[in-house]
Structure formats: C-alpha cells, structure tokens
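# Summary of structural features
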Amino acid sequence: MKKQFLALTFLLSGFAASAQKVPYANCDKCWLADSLGNHRVVLTFNGTGKVAKAIINWRRRDNEPENKRIIIQDAKTKQKITNVKIGTVNRESGELYFEPTSGKGTYFVYYMPYKNEGRSNYPKGVYLKPENTASAEWLSAVNGQVQLAAVKEFQSIDAFNSFYPMEVIATKAETEALISKHKVEAFLVFPEDRMNSIRMTKDLPQRWIELGPQNKYTGEAARGENFAFQLGIYALQNIENVQVTFSDLKSATGKVIPASALFCINTGGTAYDAKPLTKIVNVAKGDIQALWCGVDVPATVLPAIYTGNATISINGKPAKTIALSVKVNSKISKDGGVSEPYKMTRLGWLNSTMAQQNTVISPYTPLEISGNTISLLGRKVEVNKDGFPKQIQTYFTPEMTEYAAAPNNLLTEGIHFHFIDVAGKKINLKSQGVQFSKKEAGTVQWTAVSANDSLQMDVTASLEFDGFMAYTVKVKALQNVSLKDITMHIPFKKDFAKYMMGLGQKGGYRPENFEWKWDVAHKNQDGAWIGNVNGGLQYSLRDEKYVRPLNTNFYLQKPLLLPTSWGNDNKGGIKVSFDGKAVLANNYSGERDLKKGEELYYNFTLLVTPFHTINTDFQWATRFYHSYKPIDTIKNAGATLINIHHATAINPTINYPFIAWKKMKAYDDSAHAAGLKVKIYNTIRELSNHAYETFALRSLGHEIYSPGKGGGFSWLQEHVGDDYIAAWFVPEIKDAAIINSGMNRWHNYYVEGMNWLTQNVGIDGIYLDDVAFDRVTMKRIKRVLTKNGHPGIIDLHSANQYNKSDGFNNSANLYMEHFPYLNRLWFGEYFDYEKNDPDFFLTEVSGIPFGLMGEMLQGGGNKWRGMVYGMTNRMPWSDGADPRPIWKAWDNFGMKGTKMIGYWVDDNPVKTDKAKVIATVYKKDGAAMVAVASWEDADTDFQLNIDWKKLGIDPAKATITAPEIKSYQPGKTFGLNDRIPVEKGKGWLLIIK
C-alpha cells in the first residue's frame, strides 16, 4: 500500500523561480531496508543517452550526507547500476550522474543505506561509505551530452520512517531570510498540530517557512477530551526561563473553560513522588524547543468556540501572546480520548497522582503504636530515645509458613551512631527523646534530636506498613570540630546474621570477617542484606543527594553518587565481624574536619525481612505459561496463567502495550472464558520508539530519556538524532527502545497506563523484566492492579546483575524493596544452578527468606535442586525444560494444603546422613513428599534419618516410594533403612506414607 503526501520541493537548491510539487509517499515493504536503507527517490528518465543527471532537493536532516553511499537501481531489472558519479552532495541537495541501463523508465536512488553490526538485539547501524564503481570509459562520457532525469517522488519504506512533514529541513537561505525579517525579536513561535510532533531541534522544518511564525492557534476538540497542541519556539537569541501561562477560554456567550484546565508539560507538573515539579527551560540561539500544551476540556461544556491566550515569557525579554481558539464540537469523549493515544491524549498522565496515598496493601495490616513500639505484619520495631531502632523483632517461624508466638530479636542492642574525636574518644550526645509526628495506617513518622556543645544530630524517620524505614540523619557542627570517625553500628544477633548478600558478596553464608570500600564508579553497591530465613535487615547508605542509578547493562552510564557523608572521598567503608555477642556491621566514614555550621546527611534505609509468610498453595496452583499461544494449547498444557511477552501480536512494542490493545482485550476475554489469567510484559527501563509520545518526551530534555552517545538502529539515528542510549531491539518488527533516565514523570504515565489496561483491557497483572523504578511506583502499581477485585499478580524476572555492566550487584539485593509486592520471582539468565551451593539458592534465587517463592530459567535450571525450594522451571521458555511431569506429581500427591519444612529448619523431620545431600519436606496428614537434592562432588548414596513422631507417620506402616516422573526419576520403592543412590547434581522426589 502506498500513501502520498504533497510537499513543496524545488528542482534546484536554494530559492528557485519555478517550483514543482513533488509528493512524499510510503511504499510499504517495497524494498529490503536492511540493505538499501529506509528512503529512496524515484526518478523518471525520458532521454536516449548513456548519461542521466538528477538534481535532487532532498532537504535532509542527517549530517554529512556526502559521507554516505548512494545506490542507484534500475526499476525494470532491479539491478544496481555501477556506472554512477556523485557530484555535489550536501544536506539541501544532491547532484547525481548515472547510466540509465534500461533507457527510458524509472530509476531508484537509495541515499541512506546501512548495515547492522553488533548483536542482533543491540545493533549498531552503520551507514555505508561512498564507493566508486564506474568504468573509466563511461566516466569520460559524463563530460559529454547529459540528459536530465526528473524527480518523481520521495519514498520511505513505511509511514513510520517518513521524514514528512516535520523532518524536511528548510534551506540555509530560507532560514537566513526568516531571521533577517525578524532580527529584532528574541524568539519566534510556530504553533503546531498535535498530529505533527516537533522532532528537530537544530533545523527548521520547511513547513514552518511556508506557514511562517504565528500569533494564533486554532484547534478542535470533543467535550471531555484531553486535547493537546504544540507551541514551537525558535530562538533568535539565547533565551532563558521560558514560561507559559494561560488565560481562561471563553465562548461568545460567556461560558468558560478555566485556565486551570490548561497546562504545559515542559515548564512544570507533578513529579513521580507527587511533589511539585518546576522545570527550567532555556533555549540556545538557533535551537528549537517544543512546548507541549493541553486542555482538559470539561465534559459539561457546551459546544462552542472558546478563545483565550497563551503567554510565553522569558527572562529580560518581551513576552509573546498566542491567541488560542478551540472549537468544542458536540461529540463527547467518555474516556478523555485516552483510548486513542495517537492523538496525544495521554500527556496529562505525566502529572498524575493516582494511587499516591499510602494506603495499606493486602496482605499487610495497618500499623499499630504502643508507646515507642510499632507493630506491623509479622514484625515489631521499638524506637529508642535517639530515634534509631532499639530492637527489631520478627514473628516468622523458620519454615516461613506461619507466624510464631514468641518473637525473634534481631539485635543485641539498638542501632546507634558513634562520634569519635581525634584522640579516639567518644563524643557523647544527649537525646531529647522521640516525638511522633505522623500516625497513620500506612506510615508512622518520628523525630529526635541529640546534641552536646559541639555537635547536633537531627533524626527524622518513617516506618511503612511493609517494613521499610527511611532515616534522614542531619549532623551539624555547632563549633569547629575535628573527628577521627563517624560510624553507625548495627549489632546483629549471631543467629540473625547467618547469611549475607551485597557489597560484592554473593548471596550465601556471611564471611566471618568482611571489609568493603566505596567504589561507585564501578560498583552499584551501597548496602547489604544480613539475616536468616525468618529475620533479617537490608540497609542502604545514602545522603541527601541520592539518585537511583541505572541498572541492567547500563549502570556505568549513570552510576551511584558517592555520599558526601558516608563516602567521605572514599575514606568510608563497612566492616562486618564478630564483636562480643554481636555480629557488628560497622559503617564508618573516616576522619574529617567540620566547620561551625557545616551539615552532613548520614541518611540510610532499613528493610525488615521477611515481608510475609510464603504462599505455597499459590505456588502449586498457579502455573505460568510464558508464551503467546492459542488459549486451548495453553489450557491443555495444564497452565493457569499466561505471560504475554513483548514482540507478540497483542503486545508488539516493548513497555508500550497500547498499540494493539483491542487484540489484547479479545485475547484476555477468551482466556478468562477458559478459566485462565493473563499478564503482560510491561516495565520501566527502556521505552519503544513506537510510543506515540516519543517526541513529546524528547522535548523534556533528559527528564524521561537518559543522555547518551546515540547510535543503535537506523530509525533512532535518522529520527531521534543523538543524545540517547539505544536499548533493546527486536529485528523482526524493528522495535527499537531508548533507555529511560530513572526516576521521572514517565512513572506517573506508567501507573495511569496500568490502571487503564486493568480496567479496560482486563489484564490480571504484569511481568516485570528487571525494574528501573523505586518502591514508590511499585506500591502505586500494586494498588491499581488490585483495584476493584482484580488479582494484580506481579512476577519479576532478572538476569544476574553481578557483572561489570550492572555494577556487581545482586538481583535480590537490588530489587528487595519491590519484594513486598511481588507474587513470584524468576531469577534468571546467568544464574548458575549447577556450581552454586544451597545457601546461594536459598538467599539469592528462592525468595523464601523474604516471603516469596520462585522459578528457574538459565538452561531450565536444576529440577532436583529446585524442588528443595519448591521451584520448577517455567513453561515453555527454556529448550527441553518442561515442568509438566512435576506438576503431575504434585497433583497426584495433592500438594495443596501441605506444610513446607525446608532443609534449613533445624527440626526438619527428614534429614539425610550426608551433609551435601539435603531434604525438604512437604507434609500433610499421613503422608509427606520429600524433595532430596545432592550437592556432592560425585555420585553417592544416602540414608534417610526420619523423626517419625514429628512426621506424624507410624513407621510400622510406612512406605517410601519414588513415583515415576518423566525426565526426573524412575519409579522405585525403598525400604525404610535402605541406602538410596543419587547421581551428582540430581535427586529424588520421595513419597512417605
């Protein structure tokens, strides 16, 4: 299918006395873009000679076109023409000579051919260099008789790749003429329709030369529509602090759309954490700045023409007033138009505060305060008079399936700070006590002040219903003081410092003596998790300038900021070792001098784990199918929940699941009718270039997109230009993503989008492929996903982050703040299920110490070891990995309602006589399934040591059988005292009854 647009182009470069209209068209899939590029010129030749000449006024936005190859093709034979000579080529025009091999007819000029180098999913589009293939004999003819070929049409491979109309540049002469005409002005305004996103920042579009700057904008909207429009600023001088203000819009009869209904996303709004956001917009001389504005037209207004003004002001220069005229027609937009996002109706989502109120999310319970003790689900925190935790308790059993009556005390004494003078003596501060400033179901806040004559420490802290504590600790010098150290001590009880993860330490048993130093340039490390299965603490050291870094392959491009306080020019660090009865985490910052009045922020966060008990019945009953397949196929496989990845027919573009939403809804409806649930891939880290709002988001500078070196797939280079980080690419559909910058207003859009998909499309949750947002957004997402009784199931996949590109962090440590809201983990690529010990599985893969359960990915995982933690692989993602035989074994045994008693539980009723052959019990009345897995270095055998009383089975009547499970084990019966053989890296599922 071919679509055409008419544009005014000139036969010769510069201004021409006569002009002809050359259409811009899209010729969908008419040629192979990956070898010829995305653009071509169609020429017609009616001469008879051997040399044809074409002068093409292509008005290209790309730089250095003279350094890119030009390929000319004979339309009749589809053969490349070798006798070609390139004359003068620049951004405005190109002069070409070629041999018309078929005589009269049509010839194609491909002027941006490229090849993709690098990885298929992270391509590097490289534009081909010019070549000389013409024969000397033909070249000699170029100086003779030459006949002109006419430019018939400009074509793009499809509409998405078209440069028309907003990327067809004005010539230098046209631009200079415009500037000369308006040389006394600081800037010009070019109002633009919402369907023509302003894309270029260095070149004026030819369209604007033809239309000229305007002092009015006219548009048409429906009642209730979120209507968008653009005001394009062209700076004739350096201009600073661009602001846009609006008047009321009034009809001839006096009806009003209030000024409060108008907005500009470029100058301000609401940040992702609901705080007001003011943006400073400066525009350098010669640059273009798009101002995306909107009118939230009330549904109640009467149809009429509403007029008013937009005033654009800058520092020290005269303002400009743009007359606005919006015709509100009789149509009513029930949803604000957000079901048609291509009309830019969702820009207001960037300022959304949806689900910001910190209401308690199930299964958590409201916070309760008794004295200085705060109770939350399964945990208690007692606050000391200095504002820090005096004691932290958990009430989880070691099995992690129930709550205990007696608490687990995590600390030997309260968390506390030490201030050490240069002589090595402690400087004692006197506390004035704790004051609670907020007591809500979701959040409790308190303050405390401690001081002496030289130092004052102001503590502001909060605890939320999920166990997250945030501390702001301001240390102020009341006089000049020299310090040897400022430290924070976290004194763990030994039993609750069994495991450690983070600070370069792989998840597993805590080393007896551990030391760490800051290295933010290379390592995404600022804290660790230390604990046991049923009680622990994650902590993170920060200051007031903390910014969440990039992750998943991009850490080095936006790393952590070294905290001024804790880091102290890399003098700070952490030491974890025994100190009397405690395992002391000593967080020190080193020597420094403080001048009177100087302030430092020793901020930190704490996360009390676990978050809740593990939901084993959900694990047995909810069986994920991670592929887009027909509903019947999935149901027949025995799965209950479908994960729809991106790059599929109903979710084609990465992290922008709005393009094929009608198809998605039809699929969801069919799945629901069959008793299945559907979740979709949608996260924040990168965003598809197919997002309708791409250029509106680009107009926000680096707010939404990270700065970078550009490159990547050709579309990004040709339309986005530069200053971005190219991310994931899907070759089959040419979906090219761009990296998000971190914490920004796209999170507001994300929350609104997830709410819309839940309520209108019927999704049952989301599949997160790594996470680039913080817990504020995660809580909001969980709220909208579970609203109105929706299940809101969230599972998180992560590739192992412990590598150079990711900053050597642990996935579980990196994402622990999100764990309270997840239903399942899937860790993931580059996790080694063969060479790592059980303590690694337990802490870094299983999720159990945090109240979660998981699945395995890399190579399908190790099915025998996985079952010790209740994990299988996920169907049908990994080749040859099929969990259905294990599902069948679960069903035959009746796993629902069983009590999981892991090998880590001291009084587990079933153990083996080999230290590296471990057993987990799934117990019910009169029977138990026992998962046994070997970490021995060779084939071996073992004997079961069974506490029959704890197991609740009479040994005189007991049998031990291994049911036949395809690709897992043969069917077999064992005697109670038999030695059972086990192969290296494998195991058994035994039924005792």
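Residues numbered from 1 in each chain as written. Predicted model: local features only at pLDDT ≥ 70, side-chain atom pairs only at ≥ 80, totals over all residues. Heavy atoms only, no water.

### Some remarks on the overall build of the protein
Basically, it comes down to this: The numbering of helices and of strands both runs from the N terminus, where a helix is a DSSP run of H or I of at least 4 residues and a strand a run of E of at least 2. The globule rule used here is 2.2 Å times the number of residues to the 0.38 power, and the radius of gyration it is set against is calculated over C-alpha atoms. Using a 1.4 Å probe on the protein chains alone, a residue whose accessible area is under 20% of its type maximum counts as buried, one over 50% counts as exposed, and one in between counts as partly exposed. Contact between two residues is taken to exist if any of their heavy atoms lie within 4.5 Å; hydrogens are not considered. Only the protein chains shown count as cover for residues, and the accessible areas themselves come from Shrake-Rupley with a 1.4 Å probe. Two residue types count as positive, namely Lys and Arg, and two as negative, namely Asp and Glu; His and chain ends fall outside the count. Charged groups are reduced to one reference atom each: NZ for lysine, CZ for arginine, CG for aspartic acid, CD for glutamic acid.
Across its full length, the protein holds 16 helices and 64 strands. The C-alpha radius of gyration of the protein comes to 33 Å, within 12% of the 30 Å expected for a compact globule of 993 residues. Each principal axis of the C-alpha atoms in the protein carries an extent, and together these give about 105 × 75 × 60 Å. The proportion of buried residues among the 993 residues of the protein is 59%. In the protein, the proportion of contacts linking residues at least 24 apart, taken out of those at least 6 apart, comes to 71%. As displayed, the protein has an accessible area near 39100 Å², and 48% of this comes from carbon and sulfur atoms. Computing the positive centroid from 116 side-chain charges and the negative centroid from 100, the protein places the two 3 Å apart.

### A look at the side chain of asparagine 196
Position of asparagine 196 among the secondary structure elements: in the loop between β13 (187–192) and α4 (206–211). Non-local contacts of asparagine 196, meaning those with residues more than four positions away in its chain, are made with Pro165, Met166, Arg207 and Gln230.

### Regarding the pairing of strand β63 (residues 979–982)
Worth spelling out the cut-off: The criterion for strand pairing is that DSSP finds at least two bridges linking the strands in question.
Side-chain alternation along β63 places Ile980 and Val982 on a buried face and Arg979 and Pro981 on a face that remains uncovered. Here strand β60 (residues 940–946) pairs with β63 via four bridges, running antiparallel. Bridged to phenylalanine 942 within β63 is isoleucine 980.

### Considering the sheet that holds strand β51 (residues 735–739)
We apply this condition: Between N-to-C directions, angles cover 0 to 180 degrees, with each direction set by a line fitted to C-alpha atoms, over the stretch in contact for helices.
Reading across from one edge, β49-β51-β50 is the order of the three strands in this open sheet, with antiparallel pairing throughout. The open sheet has two free edges, formed respectively by β49 (686–688) and β50 (726–730), since each of these has just one partner strand. Mean inter-strand twist for the sheet, computed between neighbouring axes without regard to direction, equals 25°. As judged from the three bridges shared by β50 and β51, these two strands associate in the antiparallel manner. From the neighbouring strand, alanine 726 faces β51, where its bridge partner is isoleucine 738.

### Description of the nonpolar core
What counts is decided by this rule: Nonpolar core, defined: a set of buried Ala, Val, Leu, Ile, Met, Phe, Trp, Tyr and Cys residues in which side-chain atoms within 4.5 Å join the residues together.
Ranked by size, the top nonpolar core spans 268 residues in total, and within it Phe417, Phe819 and Tyr869 carry the most contacts. It is helix α10 (residues 746–761) that provides the largest number of residues to this core, a total of eight residues. Beyond its immediate stretch of four places on either side in the chain, phenylalanine 417 contacts Phe388, Met457, Val473, Ile486, Thr487, Met488, Trp566, Tyr602 and Phe604. Listed in part, the 34 residues of the second largest apolar core include Leu231, Leu262, Cys264 and Ile314.

### What about the packing of aromatic side chains?
Aromatic rings in a pair are described by how distant their centres are and how their planes are angled relative to each other. The cut-off we apply is this: Only rings of Phe, Tyr and Trp enter the pairing, Trp through its six-membered ring, and a pair is recorded when the two centres are within 6.5 Å. The plane angle decides the type: under 30 degrees is stacked, over 60 is edge-to-face, the rest tilted. Whether a charge sits over a ring comes down to the Lys NZ or Arg CZ being within 6 Å of the ring centre and within 35 degrees of the ring normal.
Inspection of the entire model under this criterion finds 59 aromatic pairs. A cation sits over an aromatic face here: arginine 60 above tryptophan 58, 4.7 Å from the ring centre. Positioned above the aromatic ring of tryptophan 826, the side-chain terminus of arginine 874 is 4.1 Å from the ring centre.

### Some words on the state of the cysteines
The following threshold applies: Two cysteine sulfurs form what is called a disulfide whenever their separation falls within 2.5 Å.
Counting across every chain of the model gives one disulfide. Bridging cysteine 27 to cysteine 30, the disulfide has an S-S length of 1.8 Å. Given an S-S torsion of about -75°, the disulfide between cysteine 27 and cysteine 30 has left-handed geometry. Residue class for cysteine 30 comes out partly exposed when judged on its relative accessible area of 38%. Free cysteine cysteine 264: the closest other cysteine sulfur is in cysteine 293, separated by 4.1 Å. With relative accessibility at 0%, the residue cysteine 293 sits in the buried group.

### Details of α10
Extensive coverage of α10 is indicated by the burial of 14 of its 16 residues. Where α10 ends, the next residue or the one after it, glycine 762, has phi of about 85°, a positive value.

### Describing the sheet that holds strand β46 (residues 624–625)
Pairing within the open sheet is parallel, and its seven strands lie in the order β46-β47-β48-β52-β53-β54-β55. The open sheet has two edge strands, β46 and β55 (854–855), and neither has a second partner. Two elements, strand β54 (residues 824–827) and β55, share two bridges in a ladder whose sense is parallel. Counted as the bridge partner of tryptophan 826 is glutamate 855 from β55.

### Re the confidence of the model for the protein
Here is the rule we go by: Note: pLDDT gives the predictor's confidence per residue, expressed from 0 to 100.
Scored by pLDDT, the protein has a mean of 96; 98% of the residues are at 70 or more. In this model residues 5–19 is a low-confidence stretch, pLDDT under 50, and it forms 38 contacts with partners more than four residues away in sequence or in other chains.

### Points about the packing of helix α7 (residues 661–673) against α10
Between two packed helices, both the angle of their axes relative to each other and the distance between the axes serve to describe the pair. Quick note on the threshold: Note on terminology: angles under 35 degrees are roughly parallel, angles over 145 are roughly antiparallel, angles of 65 to 115 are roughly perpendicular, and the others are oblique. Crossings are classed by handedness, with left-handed meaning an anticlockwise turn of the near helix from the far one by less than a right angle and right-handed meaning a clockwise turn. Charged means Asp, Glu, Lys or Arg here, nonpolar means Ala, Val, Leu, Ile, Met, Phe, Trp, Tyr, Cys or Pro, and polar covers whatever is left, Gly included.
Where α7 meets α10, the axes come as close as 10 Å, and the angle between the chain directions of the two elements is 50°. Relative to α10, the element α7 lies oblique. The interaxial crossing formed by α7 with α10 has right-handed handedness. Facing Trp661, Met664, Lys665 and Asp668 of α7, the residues of α10 in contact are Trp756, Leu757, Asn760 and Val761. Among the residues forming the contact of α7 with α10, the class breakdown is five nonpolar, one polar and two charged.

### Things to note about the side chain of aspartate 839
Our working rule: For this document, the term salt bridge refers to a Lys or Arg side-chain nitrogen within 4 Å of an Asp or Glu carboxyl oxygen.
Position of aspartate 839 among the secondary structure elements: in helix α13 (residues 838–846). One buried charged side chain, aspartate 839, makes no salt bridge at all; its nearest oppositely charged neighbour is lysine 506, positioned 7.7 Å away. With near-sequence residues (within four places) excluded, aspartate 839 lies in contact with Tyr499, Gly507, Gly508, Tyr509 and Tyr903.

### Structural notes on empty space enclosed by the protein
Which entries qualify depends on this criterion: Residues are called lining when one of their atoms sits within 4 Å of a cavity or pocket point, these points coming from a 1 Å grid over the protein atoms alone, where a cavity is a set in which a 1.4 Å probe fits but cannot get out and a pocket is an open set with protein on both sides within 12 Å along at least five of seven lines. Grid points are joined across faces, edges and corners, and a volume is the space filled by probe spheres set on the points.
Per the counting criterion, the structure on display carries five cavities of 30 Å³ or more. Reported here for the largest cavity is a volume of approximately 90 Å³. Within the residue set of the lining of the largest cavity, elements represented by two or more residues are β3 (39–45) and β12 (150–156). No other element matches β12, which puts three residues into the lining of the largest cavity. In terms of residue class, the lining of the largest cavity is made up of six nonpolar, three polar and four charged.

### Quick look at helix α11 (residues 775–786)
It helps to recall that an α-helix has 3.6 residues per turn; residues three or four apart then point in one direction. In plain terms, the rule: Under the convention used throughout, the expected extent of a helix is 1.5 Å for every residue step, that is, one less than its residue count. Here a polar contact is recorded for every N or O atom pair within 3.5 Å, except that within protein the pair must consist of a potential hydrogen donor and a potential acceptor, and residues adjacent in sequence are included only if both atoms are side-chain atoms.
Spanning twelve residues, α11 covers 16 Å between terminal C-alpha atoms, matching the ideal 16 Å at 1.5 Å per step. Most of α11 is tucked away: ten of the twelve residues are buried. Of the positions making up α11, those classed as buried are Arg775, Thr777, Met778, Lys779, Arg780, Ile781, Lys782, Arg783, Val784 and Leu785. Buried residues along α11 sit in contact with β33 (455–464), β34 (468–477), α10, β52 (765–769) and β53 (793–798). Near the N-terminus of α11, the side chain that reaches the backbone nitrogen of valine 776, with its oxygen 3.1 Å away, is that of aspartate 774. One or two residues past the end of α11 sits asparagine 788, with phi positive at roughly 60°.

### Quick word on the environment of alanine 521
Within the element layout of this structure, alanine 521 appears in the loop between β38 (514–517) and β39 (527–532). The sequence separation of alanine 521 and phenylalanine 154 amounts to 367 residues, and the corresponding C-alpha distance is 48 Å.

### Looking at the packing of α10 against α11
Viewed as axis vectors pointing N to C, α10 and α11 meet at an angle of 15°, and their least axial separation amounts to 9 Å. Classified by the interaxial angle, the pair formed by α10 and α11 is roughly parallel. Here α10 runs over α11; the crossing is right-handed. Between α10 and α11, the residues in contact are His747, Asn748, Tyr750, Val751, Met754, Asn755, Thr758 and Gln759 and Thr777, Arg780, Ile781, Val784 and Leu785, respectively. In terms of residue class, the contact of α10 with α11 is built from six nonpolar, six polar and one charged.

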